[in-house]
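Chain and residue survey
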Amino acid sequence: MLHGRSCGPLAQGHSLPHFLLSSPAGLRCHAPCWSPLLLLFRGALLNSPSRSGSTSSGKMAQLRARLPLVCSGFTQKTPLPVTAALCAAPSSQLPRTSSPPGVMWLEILLTSVLGFVIYWFVSRDKEETLPLEDGWWGPGSRPTGREDESIRPFKVETSDEEINDLHQRIDKARLTPPLEDSRFHYGFNSNYLKQIVSYWRNEFDWKKQVEILNRYPHFKTKIEGLDIHFIHVKPPQLPSGRTPKPLLMVHGWPGSFYEFYKIIPFLTDPKSHGLGDEHVFEVICPCIPGYGFSEASSKKGFNTVATARIFYKLMLRLGFQEFYVQGGDWGALICTNIAQLVPSHVKGLHLNMAFVLRSFYTLTLPLGRHFAGLFGYTHKDVELMYPFKEKIFYSLMRESGYMHIQATKPDTVGCALNDSPVGLAAYILEKFSTWTKSEFRDLEDGGLERKFSLDDLLTNIMLYWTTGSITSSQRFYKENLGQGYMAHKHERMKVYVPTGFAAFPCELLHAPENWVKFKYPKLISYSYMPRGGHFAAFEEPQLLAQDIRKFVGLLERQ
């Protein structure tokens, strides 16, 4: 290939991809298909500064003499330097030809492909990391002295006064009768709510559930001015010569650390639960600040990145320089942020939900059903995403009302929920119905007891009620979503940490593999799970544990 001296970038030693230089027969294609591409590059080059500043008329004449007659509708069988084609006469002097409809569409297709290639090259992200920084979220000004880094044992406790107050409030609840045949289409059906309230008041044993909560070791430690609560579960037994793999698991809203109680045995003691002992984990489950027993921020701006930094510091304080992370809902974003902050410390990232906002593939949704193969969608993807209006558009409209409230004015609804245990139960348990399976809204009882026990559901409610944390938990939406679309740097960044993804079929929004891989280029494991919804660890603990183990196995064999 020849390089001219005064035609901008190409003249200065750059060359175009080979497929743009000639066809197999040497630029045999007709003008209508190639002219838009050639003129596009030609215009870009002629408008760019040259090395010498001008081209002599003699050299330009030589270039024009070698210019292929592509733009005139003729063919040229001899491969020519692209620089000659690009430095040809002004486009206004080129003969114009009309294009048949088929050729016109070919022009559009080729130009679109070229535009996509250019976009791909331009939009490729570097392997950047988020700045680690520091913060203080406690009340008042940051103390001048060093923060207490001690780790203190903690125990969940209750009292008769606490239980009596709950019962008195339940007894005074006022419910509105539901509309006929409304089931769960208007929200939580108050006829079924009466049954739950009756069980809560007369049969639910909170003291017994507190004993269950204390089966795992609880701790607290001060980080950035906040008391951080977490459970730390070590394997009861280890094969000789083996060390457990540290795994940080992070919950979301309206869940809690209790979501992980049933999955922990499959991870810390797999052999006793029908799994192999090649992967044994040491599990750390913290409460997000403002949730449960973790202290809430006293200052505005406490978001997922601040949470990720605090949890990273927690892992360092526990002595882990490298560790695995896993999460869904807010936990998925917090774990993603940890991988963006300190990728060298994260051995692997496993998710069961993906926040994929900046992706070319999301633009393909309206056409994906008809051109599934073209956009890389499998039959399973099509099944989970279409009909588009029902499974994505209407579904998101139905299920996102709470998010608009909590991302704008969380304290208003928080006042009501923090004062009424029955209102709190209805607000939270409705999510455990329709987020587990959207079709459950067609049932009188919301399908709640098909996947969960009332004891487990009410224990999660009690973690919000007894700690008075519903309002602070809802503020997390304001801090993360209240600044607008793509307002945070991490939303525009990719994640270059080995990643595994479990796609549960009843998740709020299905994320196909190519969507996930766009955000997480080092995706090494993607699984279509046979069943399950949003609260995967709570609903299908063994399935999720098996997929985590599968991911870690693939990663460690690489």
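Residues numbered from 1 in each chain as written. Predicted model: local features only at pLDDT ≥ 70, side-chain atom pairs only at ≥ 80, totals over all residues. Heavy atoms only, no water.

Quick notes on empty space enclosed by the protein
Evaluation of the coordinates by the stated rule reveals 6 cavities of 30 Å³ or more. Empty space within the largest cavity amounts to approximately 120 Å³. Along the wall of the largest cavity there are 16 residues; nearest its centre are Glu-259, Gly-328, Asn-352, His-534 and Phe-535. In the lining of the largest cavity, the residues fall into 7 nonpolar, 7 polar and 2 charged. (1 Å grid on protein atoms, 1.4 Å probe; cavity = no way out; pocket = protein on both sides within 12 Å on 5 of 7 lines; lining within 4 Å. Points joined across faces, edges and corners; volume = space filled by probe spheres on them. Nonpolar A, V, L, I, M, F, W, Y, C, P; charged D, E, K, R; others polar.)

Focus: the sheet that holds strand E6 (residues 323-327)
Pairing is mixed in the open sheet, where 9 strands are placed in the order E1-E2-E3-E5-E4-E6-E7-E8-E9. The open sheet is flanked by strand E1 (151-154) and strand E9 (523-528), the only strands paired with a single partner. Sheet twist, expressed as the mean angle between neighbouring strand axes with direction ignored, is 25°. Note: strand E4 (residues 245-250) against strand E5 (residues 281-286), 4 bridges, orientation parallel. (Pairing = 2+ DSSP bridges. Helix = DSSP H or I, 4+ residues; strand = E, 2+ residues; numbered from the N terminus. Axes fitted to C-alpha atoms, helices over the stretch in contact; angles between N-to-C directions.)

Some words on the pattern of salt bridges
What the rule picks out here adds up to 24 salt bridges. Between Glu-149 and Arg-146 there is a salt bridge, with the nearest N and O atoms lying 3.7 Å from each other. By relative accessible area, which is 75% here, Arg-146 ends up exposed. Its salt-bridge partner being Glu-390, residue Arg-398 comes within 3.0 Å of it at the nearest N-O pair. Sharing partners across several salt bridges, the network here consists of Asp-134, Arg-142, Glu-224, Arg-309 and Lys-313. (Salt bridge = Lys/Arg side-chain N within 4 Å of Asp/Glu carboxyl O. Buried < 20%, exposed > 50% of the residue type's maximum accessible area, 1.4 Å probe, protein only.)

Structural notes on the side chain of Ser-256
You can see Ser-256 is positioned in the loop between E4 and helix H8 (264-268). Within the local environment of Ser-256, its side chain forms a polar contact with the side chain of Asn-460, the two groups lying 2.8 Å apart. If we ignore the near neighbours within four places in the chain, the residues touching Ser-256 are His-251, Asn-460 and Leu-463. (Polar contact = N/O pair within 3.5 Å; in protein donor to acceptor, adjacent residues only side chain to side chain. Contact = heavy atoms within 4.5 Å.)

A few points about unusual backbone geometry
Among all residues save glycine, negative phi is the norm, and among peptide bonds the norm is trans. That bond from Trp-253 to Pro-254 is cis: its omega, 0°, falls within 30 degrees of zero. Across the junction of Tyr-386 and Pro-387, the peptide omega takes the value 5°, indicating a cis bond. Summarising the element assignment, Pro-387 is placed in the loop between helix H12 (379-385) and helix H13 (388-399). In this structure, Arg-183 is a non-glycine residue whose phi angle is positive, near 50°. Despite not being glycine, Asp-329 shows a phi value in the positive range, around 55°.

Points about helix H5 (residues 160-171)
For H5, built from 12 residues, the straight-helix expectation of 16 Å at 1.5 Å per residue is met to within 8% by its first-to-last C-alpha distance of 16 Å. Looking only at H5, the buried set comprises Ile-163, Leu-166, His-167 and Ile-170. In an axial view of H5, the angular spread of the buried residues amounts to 95°, which keeps them on one side of the axis. The secondary structure elements touched by the buried residues of H5 are helix H6 (190-202), helix H7 (206-213), helix H16 (421-434) and helix H18 (454-465). (Expected span 1.5 Å × (residues − 1). Arc of directions from axis to C-beta.)

Comments concerning the pairing of strand E3 (residues 226-233)
Burial of E3 is extensive: 8 of the 8 residues sit out of reach of the surface. Here E3 shows a buried face lined by Leu-226, Ile-228, Phe-230 and His-232 and a second buried face lined by Asp-227, His-229, Ile-231 and Val-233. Here 6 bridges tie strand E2 (residues 218-223) to E3, and the two strands are oriented antiparallel to one another. Directly across from Thr-221, in E3, lies its bridge partner Ile-228. In textbook terms, the turn of a hairpin is the stretch between consecutive antiparallel strands, and for E2 and E3 this stretch comprises 2 residues, one of which, Glu-224, has a positive phi near 55°. As judged from the 4 bridges shared by E3 and E5, these two strands associate in the antiparallel manner. Bridging from a neighbouring strand, His-232 pairs with Ile-284 of E5.

Considering the packing of aromatic side chains
For the coordinates displayed, the defined rule picks out 32 aromatic pairs. The lysine or arginine in question, Lys-431, covers the ring of Tyr-427, its NZ or CZ lying 5.8 Å from the ring centre. Directly above the ring of Phe-518 sits Lys-494, whose terminal nitrogen or CZ lies 4.3 Å from the centroid. (Phe/Tyr/Trp six-rings, centres within 6.5 Å; stacked < 30°, edge-to-face > 60°. Lys NZ or Arg CZ within 6 Å of the ring centre and 35° of its normal.)

Let's talk about the layout of surface pockets
In this model, the second largest pocket occupies a volume close to 480 Å³. Considering the residues around the second largest pocket, the lining is formed by 21 residues, among which Lys-391, Ser-438, Glu-439, Pro-505 and Cys-506 are closest to the centre. It is H13 that contributes the most residues to the lining of the second largest pocket, 6 residues altogether. Its residues placed into classes, the lining of the second largest pocket shows 8 nonpolar, 4 polar and 9 charged.

In short, the description is geometric, and any link to function would need to be established separately.
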